[in-house]
Amino acid sequence: DDDGSNGGDDDDDGSNGGDDDDDGGSSDDDDCDDDDGGDCGDDPSTPYCFGDEGDCPCGNEDLFGGCANATGIGAIMSATGSSSVAADDMVIHVNNVEPDAFGIFFTASLQNRDPFGDGLLCVRAPAHEKILRFQPVTTADASGNVSLGPGIVEYAGTFFPQPWGAINSGDTRNYQFWYRSSDGPCSTGFNTSNAIAVTYTP
């Protein structure tokens, strides 16, 4: 199994996110911020793997997001749009990342919960698959927000290994965000958001 340290389908160590030429459907703009009163709409995902079970690497717990980072709280992943393969309109949002930190979105078909850097690795792949990364590396804005999508289904069908990298109706995919954390509480240099699970519909 891929241990998640590379978060992708190649031999890079995950610190640079691999080939930066793919657009990956990622965006540095994120309008979904409940803390600021934003309207995030319906969330087609199921969030999990919060920093609330006493297993954050250095006691940096957070009940509502990933393990706490240098801001004192954890990065929170959510989604808007729909889980429809045909519409391909889902956008994944991450809030409370350290401002201007760079990172990568990654995905796999199974769930996991292991200490990983300052946070938790919440996805894993079966033996015949790998954790897959969305490229290029993306950077949080000054408020610590970053997003991926729409176009996630199209990206998976174009850039991920086939056939198992493609997204079809009925498939469940788990998503998480890895980011640099140079001043994090555990001093490992990186952290993660919580994760979400999405079961796709026609």
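Preceding this paragraph is the structure being described.
Calculation rules
Residues numbered from 1 in each chain as written. Predicted model: local features only at pLDDT ≥ 70, side-chain atom pairs only at ≥ 80, totals over all residues. Heavy atoms only, no water. Salt bridge = Lys/Arg side-chain N within 4 Å of Asp/Glu carboxyl O. Buried < 20%, exposed > 50% of the residue type's maximum accessible area, 1.4 Å probe, protein only. 1 Å grid on protein atoms, 1.4 Å probe; cavity = no way out; pocket = protein on both sides within 12 Å on 5 of 7 lines; lining within 4 Å. Points joined across faces, edges and corners; volume = space filled by probe spheres on them. Nonpolar A, V, L, I, M, F, W, Y, C, P; charged D, E, K, R; others polar. Core = buried A, V, L, I, M, F, W, Y, C linked by side-chain atoms within 4.5 Å. Helix = DSSP H or I, 4+ residues; strand = E, 2+ residues; numbered from the N terminus. Pairing = 2+ DSSP bridges. Contact = heavy atoms within 4.5 Å. Arc of directions from axis to C-beta.

Q: What is the right way to read the pattern of salt bridges from this model?
A: A complete count under the given rule lists four salt bridges for this structure. The salt bridge partner of arginine 173 is aspartate 171, with a shortest N-O separation of 3.6 Å. Overall, arginine 173 belongs to the buried group, its relative accessible area being 12%.

Q: Looking at this model, I keep getting lost on empty space enclosed by the protein. Mind explaining?
A: By rolling a water-sized probe across the atoms, one finds the places where empty space is left. One pass over the structure, following the stated rule, counts two cavities of 30 Å³ or more. Counted as a void, the largest cavity has a volume near 90 Å³. In terms of lining, the largest cavity is formed by Thr107, Ala108, Ser109, Glu129, Lys130, Leu132, Phe160, Trp164, Gly165, Ile167, Arg173 and Tyr175. Class assignment of the residues belonging to the lining of the largest cavity gives a composition of six nonpolar, three polar and three charged.

Q: Looking at this structure, I do not really get the nonpolar core. What am I missing?
A: Looking at soluble globular proteins, one finds that nonpolar side chains tend to be buried together. Ranked by internal contacts, the top residues of the largest apolar core, which has 26 residues, are Ile92, Val97, Phe105, Ile152 and Tyr175. With four residues, the top contributor of residues to this core is helix H1 (residues 152-159). Judged by nonpolar contacts, the second largest core, of 18 residues, contains Cys67, Phe106, Val123 and Ala195.

Q: Please explain the pairing of strand E4 (residues 91-95) as it appears in this structure.
A: Here is the key point about a regular strand: its side chains alternate between the two faces of the sheet. Along E4, five of the five residues are buried, which leaves the element largely enclosed by surrounding structure. Side chains Val91, His93 and Asn95 project from E4 onto one buried face, and the interleaved Ile92 and Val94 project onto a second face that is buried too. With five bridges joining them, strand E3 (residues 76-80) and E4 adopt antiparallel strand pairing. Residue pairing for E4: threonine 80 is matched across the bridge by valine 91.

Q: How do you make sense of the environment of phenylalanine 159 when you look at a structure like this?
A: By the element assignment, phenylalanine 159 lies in helix H1. You can call phenylalanine 159 partly exposed: its relative accessible area is 36%. Between the C-alpha atoms of phenylalanine 159 and arginine 133, which are 26 residues apart in sequence, the distance is 9.8 Å.

Q: I tried to follow the pairing of strand E12 (residues 189-199) on my own but got confused; where do I start?
A: Extensive coverage of E12 is indicated by the burial of ten of its eleven residues. Direction of pairing for strand E11 (residues 172-181) relative to E12: antiparallel, over a ladder of nine bridges. Considered in E12, the bridge of glutamine 176 is made with alanine 195.

Q: Help me understand the side chain of asparagine 69, please; the structure alone is not making it clear to me.
A: For asparagine 69, the location among the structural elements is in the loop between strand E2 (46-48) and E3. If we skip the residues at most four places from it in the chain, asparagine 69 touches Gly74, Ala75, Asn96, Val97, Glu98, Tyr179, Ser181, Pro185 and Asn191.

Q: Is there a simple way to explain H1 in this structure?
A: The periodicity of an α-helix, 3.6 residues per turn, causes residues three or four places apart in sequence to face the same way. What H1 keeps buried is the set Ile152, Val153, Tyr155 and Ala156. With its buried residues spanning 165° around the axis, H1 presents them on a single face. Away from the buried face of H1 by more than 90 degrees, exposed residues Glu154 and Thr158 are located. Elements that come into contact with the buried residues of H1 comprise E4, strand E8 (132-133), strand E10 (146-148) and E11.

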